[in-house]
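So you can see what is in the structure, the chains are spelled out below.
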Amino acid sequence: MGVERTQVAIIGAGPAGLLLGRLLSRAGIDAVILEARSREYVEARIRAGVLEQGTVDVLHAAGVADRLDREGLRHGGIYLSFDGARHHIPMEELTGGRSVTVYGQTEVVKDLIAARLAEEKPLRFDAPVARIEDFDGDGPARLHYRHDEAEHELHADVIAGCDGFHGVSRETVAAQVRIWERTYPFAWLGILVDGAPATDELIYARHPAGFSLYSMRSPTVSRLYLQVAPDESMENWSEDRIWSELHARQDGDGFTVNEGPITEASVTPMRSFVAAPMRHGNLFLAGDAAHIVPPTGAKGLNLAAADVTVLAQALAARFREGDDGPLETYSDRCLARVWRAQHFSWWMTTMLHRDPAEDAYGAELALSQLRYVVSSRAQATALAENYVGLPLERTVAAEVARG
Ligand code: FAD
Ligand code: DHB
């Protein structure tokens, strides 16, 4: 194959890359999406499940929300469980009507892939990008990738690095980025269960044995998480042990976890990570390629969607109006939102988990914070407005105010 040319080369077909591709095609901008893994692998990867209102709005604007509208579960609140009792946080009431929607990341990814293939726009699976060159000059950037047992070259005006935490994009600019990072002394063991959730809203629970979360995917599929050791192996966790831990950490106050066949189980490490700036010449990092949050605040997927929404608008300004202004502020505008989500995710994580090295004083601080959240409207509102997602303009406005 000769050298191919496009306006935007998108590396990675996770939520960030696929949504960006969709927003660009709607704006009449050409893009090629290259994904290292197979379609089956990408569509089966169980990850996040909570969509902020803003993410749902963008999926609507992108014309890929039909199934989301039919199957997504709208949630106006969450429960916080501790001290043997459950407390409801009425997020919708506290935020003037904003809510979240429970709809699996796998489903978002499937919908976006189906839409891209229906449009007959380029999306190549099993196409790992090995190298990126000339992204910092006036000419086109060059990407080298392997596909169908041959080496290929793609030239693009802009590269969108949507290739996740272990991708090639951030690695390429490793010498030019500053990193802020924190790891946590625990991980999440997540299970997918064939069985109705016993709760109408998600339950985030702090317990002396550790954190647990009761979530769901549909009226007949539950998703539950347990805090485990950071290096935990699934081999140490029989189904019996998983259920007995979940009962110990969630049951009480007239409530019992509903058991069912476990169809998937895996351990996810917890990390906070920011790499900045998110722009390097014509290479733009978006989503997990630039930042990671621990999952407690349900922000990872939503941040990825916010980044590419800002990027798609900025690329439309360049390609349709010749205006580079929005691309110049891309990094700062995204980072304002990223740091708010970093703080919120860290705060939820430390408040709800049991740090194995924590002294009794630290545990009491966390409990005091939880009691304050469920008894103060101001504190509950602070949690609620972060959880449902601050409107894009508010985080951008904060950045503008900074000068
Ligand atoms: P990704 O989804 O990681 O997509 C990046 C894509 O790029 C991948 O498909 C990858 O194969 C591809 N790629 C990588 N390198 C290359 C290359 N060289 N060439 C071509 N393609 C490449 N968030 C939550 O809010 N709640 C959760 O419960 C939750 N659980 C998670 C569990 C796990 C195991 C992980 C890893 C993340 C989890 N997250 C969770 C975070 C959330 O899933 C991510 O924030 C979200 O997937 C980010 O989307 P993304 O498109 O930026 O990156
Ligand atoms: C889910 C994941 C999260 O990280 C979270 O905070 C809430 C729900 C989920 O997978 O359902």
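Just so we're clear, the structure is a prediction, and the values are computed from it rather than from any experiment.

Asker: In this structure, what is going on with the nonpolar core? I would like to understand it.
Answerer: The nonpolar side chains of soluble globular proteins are, as a tendency, buried together. Counting 80 residues, the largest nonpolar core has Val8, Ile10, Leu19, Leu20 and Leu24 as the members making the most contacts within it. With eleven residues, helix H9 (residues 300-321) is the single largest residue contributor to this core. Setting aside chain neighbours within four positions, we find Leu20 in contact with Ile10, Ala160, Cys162, Val308, Leu311 and Ala312.

Asker: Explanation requested: the site of ligand 1 in the structure shown.
Answerer: Taken together, 31 residues lie near ligand 1, and Glu35, Arg45, Arg47, Gln105 and Asp288 sit nearest. Contact between ligand 1 and Arg47: an oxygen atom at 2.8 Å from a side-chain N or O atom of the residue. One nitrogen or oxygen atom from the side chain of Tyr225 is found 3.3 Å from an oxygen atom belonging to ligand 1. For ligand 1, whose accessible area on its own is 990 Å², the fraction buried by protein is 85%. Listed by contribution, the elements that provide at least two residues to the shell around ligand 1 are helix H1 (15-26) and H9. Looking at which element gives the most residues to the shell around ligand 1, the answer is H9, with three residues. When its residues are assigned to classes, the shell around ligand 1 shows 16 nonpolar, eight polar and seven charged.

Asker: Mind showing me how you'd approach H9 here?
Answerer: Residues three or four positions apart in an α-helix share a direction because the helix packs 3.6 residues into each turn. Over its 22 residues, H9 runs 31 Å from end to end, which matches the ideal 32 Å to within 8%, given 1.5 Å per residue. A large share of H9 lies buried, amounting to 17 of its 22 residues. One or two positions beyond H9, positive phi appears at Gly322, with a value near 70 degrees.

Asker: How do you make sense of unusual backbone geometry when you look at a structure like this?
Answerer: Most peptide bonds are trans, and most residues other than glycine sit at a negative phi. Put simply, Ala276 and Pro277 share a cis peptide bond, and its omega is 0 degrees. Phi is positive for Asp253, which is not a glycine, with a value near 55 degrees. Its location among the elements puts Asp253 in the loop between helix H8 (239-250) and strand E16 (262-276).

Asker: Quick question: what am I supposed to make of H8 here?
Answerer: For H8, with twelve residues, the first-to-last C-alpha span of 16 Å sits near the 16 Å given by 1.5 Å per residue. Of the positions making up H8, those classed as buried are Ile242, Trp243, Glu245, Leu246, Arg249 and Gln250. Looking straight down H8, one finds that the buried residues subtend no more than 160 degrees of arc, so they occupy a single side. The elements touched by buried residues of H8 are strand E12 (178-194), strand E13 (203-205), strand E14 (212-218), strand E15 (221-228) and E16. Positive backbone phi, at 130 degrees, marks Gly252, one or two positions downstream of H8.

Asker: For this particular structure, what's the right way to read the site of ligand 2?
Answerer: Taken together, 14 residues form the shell around ligand 2, and within it Tyr204, Ser215, Arg217, Tyr225 and Pro295 come nearest. One nitrogen or oxygen atom from the side chain of Tyr204 is found 2.7 Å from an oxygen atom belonging to ligand 2. Here an oxygen atom of ligand 2 sits 2.7 Å away from a polar atom, N or O, in the side chain of Arg217. Protein chains bury 98% of the 290 Å² of accessible surface belonging to ligand 2 in isolation. Ranked by residue count, the leading element in the shell around ligand 2 is E14, at three residues. Split into classes, the residues belonging to the shell around ligand 2 amount to eight nonpolar, three polar and three charged.

Rules used in this analysis
- Residues numbered from 1 in each chain as written.
- Chains lettered and ligands numbered in written order.
- Predicted model: local features only at pLDDT ≥ 70, side-chain atom pairs only at ≥ 80, totals over all residues.
- Heavy atoms only, no water.
- Core = buried A, V, L, I, M, F, W, Y, C linked by side-chain atoms within 4.5 Å.
- Buried < 20%, exposed > 50% of the residue type's maximum accessible area, 1.4 Å probe, protein only.
- Helix = DSSP H or I, 4+ residues; strand = E, 2+ residues; numbered from the N terminus.
- Contact = heavy atoms within 4.5 Å.
- Near = heavy atom within 4 Å.
- Polar contact = N/O pair within 3.5 Å; in protein donor to acceptor, adjacent residues only side chain to side chain.
- Areas by Shrake-Rupley, 256 points an atom, 1.4 Å probe, with all protein chains shown as cover.
- Nonpolar A, V, L, I, M, F, W, Y, C, P; charged D, E, K, R; others polar.
- Expected span 1.5 Å × (residues − 1).
- Arc of directions from axis to C-beta.

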